[in-house]
Every structure is written in structure tokens, then in C-alpha cells.
Amino acid sequence: MMNTNTTTKSRGRGKRILVLGGALLLAAVVVGGVMYGPEFYGLLQFGKQLDQITQEDTRVGGPWPRVSEVCVSCHGYEGNARAQTYPRLAGQPEAYLKKQLTAFASGERSNSTMTSLAASMSQHEIDGLAAHFSKMTPLPNTTFQADPARVARGEALVKANNCAACHGQQLEGKDLYPRLAGQGYGYLRDQLNNFKSGARRDATGSMTAVVGALSQQDIDDLAHYIASR
């Protein structure tokens, strides 16, 4: 049989070890707080800021998964396409984006990719996508190298045809009229030719009338100037 005194001593020793261990742990926490307190506080603040950024991102772009992520491969991150053949969606007027997505969905406009994509979207998704890209900041078209002579001729054509009346003084777009400034050169050239040939139409008929009087060189010059803006 175990001696009672031995048992009592063992328990007392265990308590002392436990108390000592607790004291050492507390001391370590205090020392760690003194040494790393600013860094730990900074980490907490960073965590809070990250939560705020995430919440704002969800408010602007909607919950994940997002339809807008499908657009990245062609239209670039946040709608700033780097390839000159795709339209840049960042900063486009919300009303214009809605109208074009609806036109693709109805067959009024035709594109092998956009027609099927828009037709599969609900009105809520179309509205959300238009709102999302309209809030994105348009970045300069830095992947396009403009020819100065063509830019000068294109600027003269923009003024002569009063493009600012519909598209804004800086060609920034407004209401149902698209932002032209900084669009991809290839995309601009294709769309101007589509208006000229009748493959693309606008409700007012103004684009067909303007482009119908332009030569191919005029169209190229216009695209040079607008893409360089």
C-alpha cells in the first residue's frame, strides 16, 4: 500500500509544477507582448482591413462565383483588355453595357462567344455585370503603339464629325453611347467597318451615316487616334 505522506508530497509537487508552468507561460506571453506587440497589433489591423476590402469587393462585384470572371480571358482583368481585338469594358456607361448585352441575348447583335453567353444570362446577371464593369477604372491602352501621323489625321476626323456630341468631350462615353477613349485598335477598326458594311447598326442611324462617308484610311486613322487616348 502506498504511503499517505508520499502521496501527499507527490500531489504537492504536481501543484507546484503546474503553478510554475502557468507562471512561466504568463511570463512568456508578457515578454512576447512587449517584444512583438506592435507587430501583433499590426497583424490584427491588417486582418480587419482585409475583411473590409473583401466586403467592399463583394458589394461592388457581387458574391462568388461571378459571371464577370468568365470575361477575364477576353476583356482582361477588371475589363481592361490588353489585346487590341477585344473591347475594353472598364468605365463603360452602365446603360450602354446593359443595352449591348441585351442585344447579344436577343440576336440583334451577333458574336459566336457573346451571343451564347448573353443568352444564358438572367436579367439580374446582365444588370449586375453592367454595374460591375461600369464601376471599374479604365486604364491607359499601353499595349498599343500609335503612329503620330495617323493620330493627327484621326483627331481631325473626330473633330470634323463632332464625335464628342454623342461620346463626350474626352470620348469617355455617356448614357447609351460607349466610351471610345483607349479602346483596342483592332476592335475599333472592326466595329467601324461593321457599321460601314451594315453588319452592325445603331438605333439612330448616325454611325452608319458618319462611317459611310469614310475611306478605309480614314477608318484606320480614327482607330489610331481613339486607341491612343
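It should be emphasised that the depicted structure is a prediction, and the values quoted were computed from it without experimental measurement.

**Focus: unusual backbone geometry**
- At leucine 171, a position not held by glycine, the phi torsion is positive, near 60°.
- In this structure, leucine 171 sits in the loop between helix H7 (164-167) and helix H8 (185-197).
- Taking relative accessible area as the criterion, leucine 171 reaches 3% and is therefore assigned buried.
- Although it is not a glycine, aspartate 175 sits at a positive phi angle of roughly 55°.

**Here's the deal with helix H10 (residues 216-227)**
- For H10, with 12 residues, the first-to-last C-alpha span of 16 Å sits near the 16 Å given by 1.5 Å per residue.
- Burial analysis of H10 places nine of its 12 residues in the buried class, the great majority of the element.
- Regarding H10, the residues found buried are Ile219, Asp220, Asp221, Leu222, Ala223, His224, Tyr225, Ile226 and Ala227.
- Structurally, H10 contributes buried residues whose contacts are with helix H6 (148-160), H8 and helix H9 (206-212).

What counts and how
- Residues numbered from 1 in each chain as written.
- Predicted model: local features only at pLDDT ≥ 70, side-chain atom pairs only at ≥ 80, totals over all residues.
- Heavy atoms only, no water.
- Helix = DSSP H or I, 4+ residues; strand = E, 2+ residues; numbered from the N terminus.
- Buried < 20%, exposed > 50% of the residue type's maximum accessible area, 1.4 Å probe, protein only.
- Expected span 1.5 Å × (residues − 1).
- Contact = heavy atoms within 4.5 Å.

Honestly, it's all geometry; don't read function into it.
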